[in-house]
Amino acid sequence: MDLEKRTSGPPQEPPPRRSDPEGCLAAAIRVPVRIVVLVLVVPVRMAWDLLVVTGRLLRDTALRPLGRALAWLGRVLFVWPLVAVWRYAVVPLGKGLAVLGHVLLVVPAVWFHTWVLTPAGRAIVWCAAGVGAGLVAVGRGLYAVLALLGRYLVVVPAVWFHTWVLVPLGHALVWCGKGFARGLGLAVTGIGAVLYWTVRILLVLPALALWRWVFTPVGRVLAVIGREVLDALGHGWRIAGHVSRAFGRFLGTLWRWAVAEPARWAYRTVLTPVGHALRDSVLRPLAEAGRAAGRIGRQALAAARLTVRETRADLRRALFGPPPAARRPDRREPSVAEARTLGSSTTALTKD
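The model shown is predicted, which means the values in this text are computed figures rather than measured ones.

Before going further, it helps to examine the overall build of the protein chain. Counting secondary structure elements, the protein chain contains 2 helices and 0 strands. The contacts in the protein chain between residues at least 6 apart in sequence include a share of 82% that link residues at least 24 apart. As displayed, the protein chain has an accessible area near 29,200 Å², and 73% of this comes from carbon and sulfur atoms.

What follows concerns the packing of aromatic side chains. Any two aromatic rings considered together are summarised by their centre-to-centre distance and by the angle between their planes. A full pass over the atoms with the stated rule returns 2 aromatic pairs. Relative to Trp-197, the ring of Tyr-196 lies with its centre 5.3 Å away and its plane at 75°, an arrangement referred to as edge-to-face. Judged by its relative accessible area of 46%, Tyr-196 falls in the partly exposed class. Given the relative accessible area of 49%, Trp-197 is considered partly exposed. Measuring from ring centre to ring centre gives 6.2 Å for Trp-211 and Phe-215, while their planes differ by 80°; the resulting arrangement is edge-to-face. Here Trp-211 and its partner Phe-215 are both found in helix H1 (residues 23–320), 4 residues apart, which amounts to about one turn of the helix. Residue classification places Phe-215 among the partly exposed residues on the basis of a relative accessible area of 45%.

Attention shifts here to a positive patch on the surface. There is a patch of like positive charges on the surface, built from Arg-305, Arg-309, Arg-312 and Arg-316. Mapped onto the elements, Arg-309 comes out in helix H1.

Here the focus is the side chain of Ser-244. Here Ser-244 is to be found in helix H1. We classify Ser-244 as buried; its relative accessible area is 9%. Those residues in contact with Ser-244 that lie beyond four places of it in its chain are Arg-45, Met-46 and Asp-49.

This brings us to the pattern of salt bridges. Following the criterion strictly, the structure yields 9 salt bridges and no others. Its salt-bridge partner being Asp-60, residue Arg-64 comes within 3.8 Å of it at the nearest N-O pair. Of this pair, Arg-64 and Asp-60 are both found in helix H1, 4 residues apart, which corresponds to roughly one turn of the helix. The exposure class assigned to Asp-60 is partly exposed, which follows from its relative accessible area of 40%.

In this section: the nonpolar core. Membership of the largest hydrophobic core is limited to 8 residues, which are Ile-29, Val-33, Val-37, Leu-38, Val-41, Val-42, Ala-232 and Ala-240. Those residues in contact with Val-42, other than ones at most four positions away along the chain, are Ala-240 and Val-243.

Before going further, it helps to spend a moment on the confidence of the model for the protein chain. Summarising the model, the protein chain shows a mean pLDDT of 81, and 84% of its residues fall at 70 or more. Every residue in residues 13–21 is under pLDDT 50, and counting partners more than four places away or in other chains gives 6 contacts.

About the cut-offs
- Residues numbered from 1 in each chain as written.
- Predicted model: local features only at pLDDT ≥ 70, side-chain atom pairs only at ≥ 80, totals over all residues.
- Heavy atoms only, no water.
- Helix = DSSP H or I, 4+ residues; strand = E, 2+ residues; numbered from the N terminus.
- Contact = heavy atoms within 4.5 Å.
- Areas by Shrake-Rupley, 256 points an atom, 1.4 Å probe, with all protein chains shown as cover.
- Phe/Tyr/Trp six-rings, centres within 6.5 Å; stacked < 30°, edge-to-face > 60°.
- Buried < 20%, exposed > 50% of the residue type's maximum accessible area, 1.4 Å probe, protein only.
- Patch = residues over 30% accessible without salt bridge, like charges linked within 9 Å, V, L, I, M, F, W, Y side chains within 5 Å.
- Salt bridge = Lys/Arg side-chain N within 4 Å of Asp/Glu carboxyl O.
- Lys, Arg positive; Asp, Glu negative; His and termini not counted.
- Charge placed at Lys NZ, Arg CZ, Asp CG, Glu CD.
- Core = buried A, V, L, I, M, F, W, Y, C linked by side-chain atoms within 4.5 Å.
- pLDDT = per-residue confidence, 0-100.

This is how it looks when you write it as structure tokens:
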């Protein structure tokens, strides 16, 4: 039974064989483990692929439009009002407060520093310089006196005590310490050797034997089993992917031939000719009739408007007389005869 994945294409060089001292154990474990893992992994992989497809569909059809709508709503409700408040309220108010603070605080502070604090500080510095020079002279005298007293009262006695007392005493202590350290080193070396051999015989050698003859073989067996289980999981996951892809293609083909192709055929062979016939026999004549009726209505309304305008002009002329200034010939109003002629032509067009 071959569970390795076969790929189409040019032949490739076989991978180098790994050194496997437990060949019989690996061969005995590999096939059953891969069969069990394949049976367990195929449903998991198919469920995972179904969840992935559902998540992508949900993301493209619901979550992404909802996110765009929420982003636009957040921009309308929060960003634009905040920008308007910042641009038309906070910025002008801040500029006004800055100008007011400059006039009320900065200018008086600069004037006070220039004309009050600077002269006062210069006077204080001049006085402090004089007092400091006097204190420096007094300090130099005191330092000379104290240095002379310290040399003859402290330094000379300390040098004599160090030369004739501390140096001989230190040499004696160093000689005694070297002897004590040599004896202590010999004692510690002997005790350490005894403890080393005791720990080696009682602890190290048994632990080394346990590691070499128990833990190492058991670890090798467990490593082989774990490696084979991981390889079986990898092969099972890839084979389950192929199975899931094939099942998905089967469902897609079934949907295509059961729903999509009949719907496309019905749309092309039934709905499209019916729609074209309905458009050519009903909708276009109705549209032409509607446009003609609109055109006739506009012409009739224009003729009625001209008739009413001429009648109003005749009444104004009969009641108040002709206007004092004659109108220009290019802007004369149409007469009643012209309006009647336009109405007769509209009636003939309606009959046609």
